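Next come the chains, spelled out residue by residue.
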2 protein chains.
Amino acid sequence: MSMVLDARKGAAAEADPSGPATGEAPRAPVSLHGELLAALRDYLVEGNLADGARVPERLLCDRFGISRTPLREALKVLAAEGLIELLPNRGARVRALSADDLRELFDVMGGLESLAGRLACERVSDEEVAEIERVHHEMYRFYLRRDMHGYFQCNQEIHHMIVAAAGNATLAATYASFAGRIRRVRYSANLATDRDRWGEAMREHEAILDALRRRAGSELSDILFMHLRNKRKAAEQRSVSEAAEVESED
Amino acid sequence: MSMVLDARKGAAAEADPSGPATGEAPRAPVSLHGELLAALRDYLVEGNLADGARVPERLLCDRFGISRTPLREALKVLAAEGLIELLPNRGARVRALSADDLRELFDVMGGLESLAGRLACERVSDEEVAEIERVHHEMYRFYLRRDMHGYFQCNQEIHHMIVAAAGNATLAATYASFAGRIRRVRYSANLATDRDRWGEAMREHEAILDALRRRAGSELSDILFMHLRNKRKAAEQRSVSEAAEVESED
DNA sequence: AAAGAAAAAAATGAATGCAAAATGAAACCC
DNA sequence: GGGTTTCATTTTGCATTCATTTTTTTCTTT
C-alpha cells in the first residue's frame, strides 16, 4: 500500500504505515483522505504517544507530510471516536482511560459480543460453525501447549468470526471501533499470569461453541457476556497487582 | 433560534462543559466549537435536507455564519457518526438509510438496550425502580386513553431511564448516537396503525418491569432484545404498506 | 436538430495566513 | 529569596487563498 500522503510538495512519506490492518477502521471513511485517518488512528493505537500526552499538531504534520487542515479534521474524528479528547483552547490530548472507563468499555464490548452471538445463531451456516470449530480446536492445541501467543490469535479470530457471522455491518463497525479503543491498553496478557483463568476461559469457549452449534441465541448471549465480564475481572485483578506492564506481543 | 455561532470575535464563553450529565450528544467532544457540531447534527436529524441530497457547504456556511474550515471538520465527524457520507471528490450527501440499514440499526439498538437492562439489574436501586414504575403506570394510563403522544413520551423515557440505570456513560453515549441516527427516519408512529402491536408492546413493558423488579438480568436482557425486535418487525410491516409517511409528532 | 466536444463556472480538498489564547520566561515587587 | 506580574514565544482556531476536479453551459459537427 502506497500510503498516499504523497502530497504535492515535499511529502515526507516516511510514514511507515505498514500497519497490519487487523480490522480497525470503525467505518472505512469511503476514501476520504482516508489514509490519513487510518494512519493516525494506528499511530495512536500503537501507543506512539503516552497517555494524556499532548498531540503535537506540527510534529504530526511533518510526520505525515500534510498541512494542519486535514490533520485537524482527522483529530476531530478521532476525538468523536473517543481516542483523544479536545480541550477548549488547549489542543488534543491522548485520552487516558481510567479504571472506570476500562470497566465501561469491557461491558460494552461484552454487550456487543452478546448481541453478535444472538444474531449469529439466527443466521449462521453449518459451514461457518464448522470453520469456527476448526479455529476453536486449533486454539485448544495452543492451550495444551501453553502457547499464549497462538492462543491469543485464535481467540481474537473466533470472536471476530462470531461478530462476522452476525451479518450486521453496523454492529461489526461499532465492535471494531471499541476494540481499537481498548487495544490501546495492552492488558493483552490477561491470563498469562493466571493459569486458572486460562482454563476457565477455555471452558467458556467450549460452552460458546456448544451454544452456537445448537443455535441457542439467548444462551449464547449470556455466555458471551459473562465471558467478557470474567475477562474484565481478570484484567482488573491483574491491574492491581501490576501497576502497568507494557507488552509488545501481538 | 438564533443558532449561536456568533462567529469569530466575541464567541466563546458559551462553552458550558458543566453538564455532560443527561448524555445526549453521542460524544459531546468536550466543547469543540461544539455548538456547530450539535447544531449541524440537529439540522440533519430534523430532516432539513432530503435523503441523499448534497450537503451544500456554502449554504450552511452562510446559515451558521462560519467559514468552510470548521464546517468541514464537523462534516467529517458526522460522516464518522454515519449521518452523512463523504464521496471522494463529490462532497457530502445525506445518508439514506436502506431497509437493511434500518434492520441493522434496530438490532444494534436492541443489543444496547439488552445490555442496559442486564447492567441495570446489577446496580439499580429500589428508588430508581420505583421511579420507572411510576412512569410505567403513567404510560399505561395513556395507553388506556389511546393517547399515542403521551404513551410515546413515557415509552422513550422508560427506555432512557433503563439506559441511565445501567450506570455506564460509554453505553449511554453510544445509545444516544444510534438513537439520533434512527430518529432521522421518523417511523415513530410504529403502532398508531396497529392496535394489536400496541397491546403487545404494553404487555412486553409489563414483563420488562417485572424482570427489573426481580433483578433478573439475563431475562430482562432477552425481553428487551425481543421488544426491540418486535418493534422492528412492526416498523418493517408498516413500511411496506405505507411507502413513507412523515410525521411531525414527537 | 441532436449528440458530442470544448470551455466556463462552481465546488471540493488542502495550504497558508492571521488574530486570539495559552504557555513559558524574565523582570519586578515585597 | 519567594511570589507575582508582565512580556515574548508558541500554539490553537478560523478565514482566506489556491490548485484540481467536477459540473454545467455553450459551441461545433454530422
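About the thresholds
Residues numbered from 1 in each chain as written. Chains lettered and ligands numbered in written order. Predicted model: local features only at pLDDT ≥ 70, side-chain atom pairs only at ≥ 80, totals over all residues. Heavy atoms only, no water. Core = buried A, V, L, I, M, F, W, Y, C linked by side-chain atoms within 4.5 Å. Buried < 20%, exposed > 50% of the residue type's maximum accessible area, 1.4 Å probe, protein only. Contact = heavy atoms within 4.5 Å. Buried area = accessible area lost by both parts, 1.4 Å probe. Salt bridge = Lys/Arg side-chain N within 4 Å of Asp/Glu carboxyl O. Polar contact = N/O pair within 3.5 Å; in protein donor to acceptor, adjacent residues only side chain to side chain. Helix = DSSP H or I, 4+ residues; strand = E, 2+ residues; numbered from the N terminus. Nonpolar A, V, L, I, M, F, W, Y, C, P; charged D, E, K, R; others polar. Least-squares fit on C-alpha atoms with pLDDT ≥ 70 in both. pLDDT = per-residue confidence, 0-100. Near = heavy atom within 4 Å. Axes fitted to C-alpha atoms, helices over the stretch in contact; angles between N-to-C directions. Parallel < 35°, antiparallel > 145°, perpendicular 65-115°, else oblique. Left-handed = near helix turned anticlockwise from the far one by under 90°. Pairing = 2+ DSSP bridges.

Focus: the nonpolar core
Judged by nonpolar contacts, the single largest core of 93 residues is most densely connected at Tyr151, Leu171 and Leu212 of chain A together with Tyr151, Leu171 and Leu212 of chain B. Not counting chain neighbours up to four residues away, the residues in contact with leucine 171 of chain A comprise Leu112, Leu115, Ala116, Leu119 and Ala166 of chain A together with Val108 of chain B. Leu37 and Val77 of chain A together with Leu40 and Ile66 of chain B belong to the second largest nonpolar core, which has 48 residues in total.

Regarding the interface of chain B and chain A
Counting residues at the interface gives 40 residues for chain B, matched by 41 residues for chain A. Of the roughly 3300 Å² buried where chain B meets chain A, counting both sides, 56% is carbon and sulfur surface. In this assembly, chain B and chain A are joined by eight salt bridges. The interface formed by chain B and chain A holds 16 residue pairs in polar contact (both at pLDDT 80 or more) in total. Every element with two or more residues in the side of chain B that touches chain A is listed here: helix 3 (68–81), helix 4 (99–123), helix 7 (169–183) and helix 9 (217–241) of chain B. Take the side of chain B that touches chain A: its biggest share by element is 12 residues, from helix 4 of chain B. When the residues that make up the side of chain B that touches chain A are grouped by side-chain class, the tally is 17 nonpolar, 10 polar and 13 charged.

Describing the relation of the copies chain B and chain A
By a simple turn and slide, chain B fits onto chain A: the slide is 0.0 Å along the axis, the RMSD is 0.1 Å, and the turn is 180 degrees. Here the symmetry operator amounts to a two-fold rotation axis. Take the interface residues of chain B: 98% of them recur as interface residues in chain A, which is what a same-surface contact looks like.

Some points on the confidence of the model for chain A
Residue and element names in this part refer to chain A. Averaged over every residue, the pLDDT of chain A is 84; residues scoring 70 or more account for 79%. A low-confidence stretch, residues 1–25 stays under pLDDT 50, and its non-local contacts, those more than four residues away or across chains, total 28 contacts. Confidence drops under a pLDDT of 50 for residues 244–250, and excluding neighbours within four residues, the segment shows 13 contacts in the predicted structure.

Brief notes about the protein's contact with DNA strand C
Not every one of the 16 residues close to DNA strand C is listed here, only the nearest: Ser67 and Arg90 of chain A together with Arg68, Arg72 and Pro88 of chain B. Considering the 4 Å shell around the protein, atoms of DNA strand C inside it are sugar or phosphate in 70% of instances. Contact distances for DNA strand C include 3.4 Å between a phosphate oxygen and a side-chain N or O atom of arginine 54 of chain B. With respect to DNA strand C, the backbone of proline 88 of chain B contributes an N or O atom lying 2.7 Å from a phosphate oxygen. Looking at the surface near DNA strand C, the element that brings in the most residues is helix 3 (residues 68–81) of chain A, giving three residues. A class-by-class count of the residues in the surface near DNA strand C yields four nonpolar, six polar and six charged.

Notes on the packing of helix 5 (residues 126–144) of chain A against helix 8 (residues 195–213) of chain A
Residue and element names in this part refer to chain A. It is at 11 Å that the axes of helix 5 and helix 8 come closest, and there the two elements cross at 165 degrees. The pairing of helix 5 with helix 8 is recorded here as roughly antiparallel in orientation. Handedness of the helix 5/helix 8 crossing: left-handed. Listed contacts from helix 8 to Val129, Ile132, Glu133, His136, Met139, Tyr140 and Tyr143 of helix 5 are Trp198, Gly199, Met202, His205, Glu206, Leu209, Leu212 and Arg213. Considered class by class, the residues forming the contact of helix 5 with helix 8 number nine nonpolar, three polar and three charged.

Overview of the pairing of strand 2 (residues 91–94) of chain A
Residues and elements named next belong to chain A. Summarising the sheet, strand 1 (residues 84–87) and strand 2 pair through four bridges and their orientation is antiparallel. By the bridge assignment for strand 2, isoleucine 84 is matched with valine 94. Hairpin connection between strand 1 and strand 2: a loop of three residues separates the two successive antiparallel strands.

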